[in-house]
Amino acid sequence: MNQEVKSGKILSPSTPWTERGVPGIEVPDEQQALKATFTEPTVECPECHALVTRTAMTFNAYVCPQCDEHLRMKARDRLTWFFDQVKTELGQEFVAKDPLKFVDSKPYPERMVEAQKKTGESEALIVMQGTLKDVAMTACAFEFDFMGGSMGTVVGDRFVQAAERAIALKQPFICFAASGGARMQEGMLSLMQMARTSAAIQRVKEAGLPYIVVLTHPVYGGVTASLAMLGDVHIAEPKAMIGFAGKRVIEQTVREKLEEPFQRAEYLLDHGVIDQIVHRHALRDTVYRIVTKLMNLP
Ligand SMILES: [Zn+2]
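If you're wondering where the values come from, they're calculated on a predicted model, not measured in any experiment.

Novice: For the UniProt feature "binding site: Zn(2+)" (unreviewed entry) in the protein chain, give the residues involved together with the corresponding values.
Specialist: Mapped onto this numbering, the UniProt entry gives "binding site: Zn(2+)" (unreviewed entry) at Cys45, Cys48, Cys64 and Cys67. The annotated residues occupy 23 residues of the chain but converge on a single region, no pair of C-alpha atoms lying more than 8.7 Å apart. With 12 C-beta atoms packed within 10 Å, Cys48 lands in the exposed category. Excluding anything up to four places from it in sequence, Cys48 contacts Cys64, Gln66, Cys67 and Glu69. Inspection of the secondary structure assignment puts Cys67 in the loop between α2 (54-59) and α3 (75-82). Those residues within four positions of Cys67 in sequence are excluded, and the remaining contacts are Cys45, Glu47 and Cys48.

The following block contains the structure:
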C-alpha cells in the first residue's frame, strides 16, 4: 500500500527505508525550503559579499557581522538608532524651490521628485530632537541617497533652524555628516549655505554648547569645507572617506597615483585632521561621554 508523507511524496513499498519520512514529522520539500530562505529581505555586504538579513543588520546597526564593515545607514534609521527616545522632528516645513530653473539632463524639480520617491524623504537633511541616556540633544543627519546628500537651501534652512532650537533649549548639537558637497542645481544659493551654517555653528559655540560632528562615509566638497569641519570634536567612522576634492580629481591635478588609505578616516587621524575613529557600536557611548564632559553634567 502506498503511503503518503506530508512532503507530498508518494512512497511505494519498494522505496528504500532511507527515503521514507518519519511518521508525524513534516519534511519540507525543496521548494518550500527555498521559499523560507528568501522570504526575509537580505542586505549584501559590499566588502565581503555576505548576505545578511535586514533584521540582523538593523540589530547590528548596519555593521557587517562577518567582516565588521560599516554599511551606510539611512538618515532616519541613524537618528532613531542614536536616540533612546525621539521627541520631535524639525524642519519639515521647508520645501525646495527651483530659483534658477536649472536643467541639466533633467529639470531640477524632476530630479527632486525622483529623489523623494527613492528615499521617502522630502530633503537631504533630517533633524530630530530627543534624548540619549537622559541627556536632551538636537541631532541632524544627512541622507546620502537624496541627491548625494547635497547641501541646498533647504538643507541650510533645516541646519540653521536646528542650531537655533538647540540654543533655545540649551542642548548639545550633533551632526552626522555624509555628503557629496554643495548642490549644483542651486548654484550660488547652495554655496551661500556654507557661510550660513558656519555662522549658525558659531552661535552654538557662543552659547557655550557643544557641537559634535560624526563623519560617516563619505563627506566631500562644500560640506567638508563648512559644517563638517567646525565641530568641537570630530569623530569619524572606520574607513570613512573624507575630503574636499575627490581622489581622482587630485590625482589628475598632481599627476601622481595616490595610494590607499588616502582620504580614509585612518589616514586623516594620522595627519591630525580628525580627533578619533570610533566603531559604530561604541558611538552612542562616546558622544554621550563627550557631551557630559563638555557640559559638566553629572
Ligand atoms: Zn562584510
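Having put the structure on the table, let's press on.
Novice: I'd like to hear about the nonpolar core, residue by residue, with values.
Specialist: Counting 60 residues, the largest nonpolar core has Ala177, Val214 and Leu215 as the members making the most contacts within it. Other than its neighbours up to four places away in sequence, Leu215 contacts Ala177, Ala228, His234, Ala236, Ala240, Ile242, Ala265 and Ile274.

Novice: Which residues make up the pairing of strand β8 (residues 173-179), and what values do they have?
Specialist: Where burial is concerned, most of β8 is hidden: seven out of the seven residues are buried. Taking every second residue as pointing to the same face, both faces of β8 are buried, with Phe173, Cys175, Ala177 and Ser179 on one and Ile174, Phe176 and Ala178 on the other. The pairing of strand β7 (residues 135-142) with β8 spans four bridges and is classified as parallel. Pairing of Ala141 across the sheet is with Phe176, part of β8. The parallel pair β7 and β8 is bridged by helix α5 (residues 153-168), and the resulting crossover is right-handed. Direction of pairing for β8 relative to strand β9 (residues 211-219): parallel, over a ladder of six bridges. The residue of β9 that forms the bridge with Cys175 is Val213. Between β8 and its parallel partner β9, the chain crosses via helix α6 (residues 187-206), and the hand of that crossover is right-handed.

Novice: How would you summarise unusual backbone geometry if you had to cite specific residues and measurements?
Specialist: Following His217, the chain continues to Pro218 via a peptide bond in cis, the omega torsion being -10°. If you trace the backbone, Pro218 turns up in strand β9. Note that the residue after Glu260, namely Pro261, is joined by a cis bond; omega there is 0°. Assignment of secondary structure puts Pro261 in the loop between α8 (247-254) and α9 (265-270). Even without being a glycine, Lys101 presents a positive backbone phi close to 50°.

Novice: Talk me through the sheet that holds β9; I want residue IDs and the actual numbers.
Specialist: Taken together, seven strands build an open sheet; the order of strands is β5-β6-β7-β8-β9-β10-β11 and the sheet is mixed. Of all the strands in the sheet, just β5 (85-90) and β11 (276-277) have a single pairing partner and so form its edges. Inspection of the sheet shows strand β10 (residues 233-236) paired to β11 by two bridges, in the parallel sense. What sits directly across from Ile235, in β11, is Gln276. Contacting β5, β6 (125-132), β7 and β8, α3 crosses the sheet at an angle of about 165° to β7.

Novice: Break down α3 for me, with residues and values.
Specialist: Considered for burial, the residues of α3 that qualify are Ala75, Arg78, Leu79 and Phe82. Looking straight down α3, one finds its buried side chains confined to an arc of 90°; they lie on one side. Looking at the buried side of α3, the elements it contacts are β5, β6, β7, β8 and α10 (280-294).

Novice: Can you lay out the environment of Leu51 for me, pointing to particular residues and giving the numbers?
Specialist: Relative to the elements of secondary structure, Leu51 occurs in strand β4 (residues 51-53). In the structure, Leu51 is positioned ten residues away from Pro41 in sequence and 9.6 Å away in space, judged by C-alpha atoms. Once residues lying within four places of it in the same chain are set aside, the contact partners of Leu51 are Thr42 and Glu44.

Novice: Describe the packing of α5 against α6, and please don't skip the residues or the numbers.
Specialist: In contact at an axis separation of 9 Å, α5 and α6 are set at 5° when each is read in the N-to-C sense. Overall, the two elements α5 and α6 adopt an arrangement that is roughly parallel. Residue-level contacts link Thr153, Val155, Gly156, Phe159, Val160, Ala163, Ala166 and Ile167 of α5 to Leu189, Ser190, Gln193, Arg196, Thr197, Ala200, Ile201, Arg203 and Val204 of α6. Grouping the constituent residues of the contact of α5 with α6 by class yields ten nonpolar, five polar and two charged.

Novice: Explain the pairing of β6 to me, and be specific about the residues and the numbers.
Specialist: Within β6, six of the eight residues are buried, leaving the element largely enclosed by the surrounding structure. Note: β5 against β6, five bridges, orientation antiparallel. Residue Val86 lies in a different strand from β6, and its bridge partner there is Gly130. As defined by bridge partners, β6 adjoins β7 across eight bridges and the pair is classed as antiparallel. Paired with Thr131 across the strands is Ala136, a residue of β7.

Definitions and cut-offs
Residues numbered from 1 in each chain as written. Predicted model: local features only at pLDDT ≥ 70, side-chain atom pairs only at ≥ 80, totals over all residues. UniProt positions renumbered as here; feature names shortened; annotations may be inferred. Buried ≥ 20, exposed ≤ 12 C-beta atoms within 10 Å, placed from the backbone. Contact = placed C-beta atoms within 7 Å. Helix = DSSP H or I, 4+ residues; strand = E, 2+ residues; numbered from the N terminus. Core = buried A, V, L, I, M, F, W, Y, C linked by C-beta atoms within 7 Å. Pairing = 2+ DSSP bridges. Right-handed = clockwise from strand over helix to strand, strands pointing away. Axes fitted to C-alpha atoms, helices over the stretch in contact; angles between N-to-C directions. Arc of directions from axis to C-beta. Parallel < 35°, antiparallel > 145°, perpendicular 65-115°, else oblique. Nonpolar A, V, L, I, M, F, W, Y, C, P; charged D, E, K, R; others polar.

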